[in-house]
Each structure stands twice: as structure tokens, then as C-alpha cells.
Amino acid sequence: MKILICNDDGFQAPGIVSLHDALRTVADVEVVAPEHNNSAKSNALTLNAPLYVHKAYNGFRYVNGTPADCVHIALTGLLGYRPDLVVSGINNGANMGDDTIYSGTVGAAMEAYLFGIPAIAFSQTEKGWGCIDVAAQQARNLVQQLMPSLEAVAEGAQPTIPPWLLNVNIPNLPTDQLQGFKVCRLGRRHSAERVIMQTSPRGEIMYWIGGSGQAKEAGEGTDFHATTQGFVSITPLQVDLTDHERLPYWAQTAAKLTHRH
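Read on for an overview of the structure.

Calculation criteria
Residues numbered from 1 in each chain as written. Predicted model: local features only at pLDDT ≥ 70, side-chain atom pairs only at ≥ 80, totals over all residues. Heavy atoms only, no water. Core = buried A, V, L, I, M, F, W, Y, C linked by side-chain atoms within 4.5 Å. Buried < 20%, exposed > 50% of the residue type's maximum accessible area, 1.4 Å probe, protein only. Helix = DSSP H or I, 4+ residues; strand = E, 2+ residues; numbered from the N terminus. Axes fitted to C-alpha atoms, helices over the stretch in contact; angles between N-to-C directions. Parallel < 35°, antiparallel > 145°, perpendicular 65-115°, else oblique. Left-handed = near helix turned anticlockwise from the far one by under 90°. Contact = heavy atoms within 4.5 Å. Nonpolar A, V, L, I, M, F, W, Y, C, P; charged D, E, K, R; others polar. Pairing = 2+ DSSP bridges.

## Brief notes about the nonpolar core
- Counting 37 residues, the largest nonpolar core has Ile3, Leu85, Ile120, Phe122, Val143 and Val168 as the members making the most contacts within it.
- For this core, the secondary-structure elements that each account for two or more residues are strand E1 (2-6), helix H1 (14-23), strand E2 (28-34), strand E5 (85-91), strand E6 (119-124), helix H5 (132-154), strand E7 (165-170) and strand E13 (231-237).
- When residues of this core are assigned to their parent elements, the largest contribution, nine residues, is made by H5.
- One finds Leu4, Ala112, Ile117 and Leu165 within the second-largest nonpolar core, a separate group that totals 21 residues.

Written out as C-alpha cells, the structure reads:
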């Protein structure tokens, strides 16, 4: 098994170090991650500046770009091979509900998914890296569970399976307090907190994006509810943003416009 690891907190973050240490015991792993923190960069690619790759003392490679940049250049020439799985994280804080739209952690995994490679985005529900070794162990448990089917595809024993994208959030709890894994849908958050305004030393107004809002839709069946109950949440994601239910309505609008034309 060949696994590519990325994140959005930067190549020196405790989350990616712990994830690498856990997964290297069960697979061949390589790290290509951002040089600096790139939280909330989503799927952004750098198109107006060159990207440089450097190697750290521990063998990790880091890029002066976004999480999606890292995965993109890794898959289109840097690695020289196609990994069986791409894993992103472990993120310093939750990526649940609406967070997945903004998350650089999810963006890195989604970039692999767009290339047809199965991918997982791992996050801890609270910031601060509490129980990070436990989170890394849970990540390894999930990867090991998925490995037989991935290895069978790699060896040609079964046909290529459609790529999948999993968003996984792990509570910051010791092993004996975790309740297991639960598959669930994304919840929703309230609107973000107000923007923070400050005056610079030169008298100019500065604006800082406020924090994420509180959970709005967090009932049973959502990732918010599952993690609150001590479960590791697993949410399968898709990239199709089409509002299929409203296609007929907009088809009528288009037909009226066509008729007038």
C-alpha cells in the first residue's frame, strides 16, 4: 500500500507527524504538505506564482502553496507513481457541517478524489492536539479496515472501484472514552461570528474574519451529534453541487426565456 499524506496546518504540525508515525507501520507513506498553515484554503490552487518543493530533516516534503497544490503537484509529477490512498490531516480542530466547504484539510483530500483516488480527511473536534496519539490510532484503524479492498485493486485481483471521499472527525478523548465509529451526514452551523475590527498603528481599519458559528443543525444522525456522544464520525462526501430537486423548476424558467427569445 502506498499512501500520500497531506494537511493544511503545515508539515511541522503535531497532527501530520502523529498520522505519519501511525500509518508508516502499515503502509509505505510519503508526506507532501504546505510549508505554513493554510487553514480555510478549501480547494484553492496557486496559478500566479511558482511552487517550490523542499525536503525537511525528517524526510517530509513541503511546498510554498496550498493543501490542494501539494496533492496536485504530487499526483501530476512529483511522486512518479499513483498512490493507492491519499490521507489528509490530522487537522487541529473540527471540520464538520459547513466547515467542509472551507476546509483546506478536506480540500487536499478532495483534490485526490477529483483525480480518481480514494481519500480521507481526518480532523480532531477540538483544537490543541489533546489525545492526538489516540486520534492517530483511530485513523490507522480505519485505514487498516479499508486496506484489503484497496490492495486487491492495486494487485489487479478485483476491478478498479469508484473513488470515495470520507470526512472523519475524532473527539479529543482517551481510547477508553471513545464509543466507536458512526456513519452520519453533515450538520449545519449558525452564521459565523462578527468580523473583528482593529485600528492599525497607521490609523487604518483592519478586519479579521470571525470564528465559526455554533452548531445549528446538530440532531441525531449528524456529525455534530455523533462526536458529542463520543463517536468518531464518518461522512462520505461527493462533489456534485447540482440541486437536482430543483432542476425541473429552473428548466421551466429556461423554457420561458427560450420561448420569449
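## Digging into the packing of H1 against H5
- Their axes nearest at 9 Å, the elements H1 and H5 cross at an angle of 45°. Viewed along their axes, H1 and H5 adopt a mutual orientation that is oblique. For H1 against H5, the interelement crossing comes out right-handed. Of H5, the residues touching H1 (which contributes Pro14, Gly15, Ser18, Leu19, Ala22 and Leu23) are Ile132, Asp133, Ala136, Ala139, Arg140 and Val143.
- Its residues assigned to classes, the contact of H1 with H5 comprises eight nonpolar, two polar and two charged.

## Digging into the sheet that holds strand E3 (residues 53-55)
- Here nine strands make up an open sheet; going across it, the order is E3-E4-E2-E1-E5-E6-E7-E13-E8 and the pairing mixed. Edge strands, defined here as strands with exactly one partner in the open sheet, are E3 and strand E8 (180-183). Pairwise comparison of adjacent strand axes, ignoring direction, gives a mean angle of 25° for this sheet.
- Sheet topology note: the E1/E5 ladder contains four bridges and is parallel. Within E5, the position partnered with isoleucine 5 by the bridge is valine 87.
- Sheet strands touched by helix H2 (residues 67-78): E1, E2, E3, strand E4 (61-63) and E5. Its angle to E2, the strand with the most contacts, is close to 130°.

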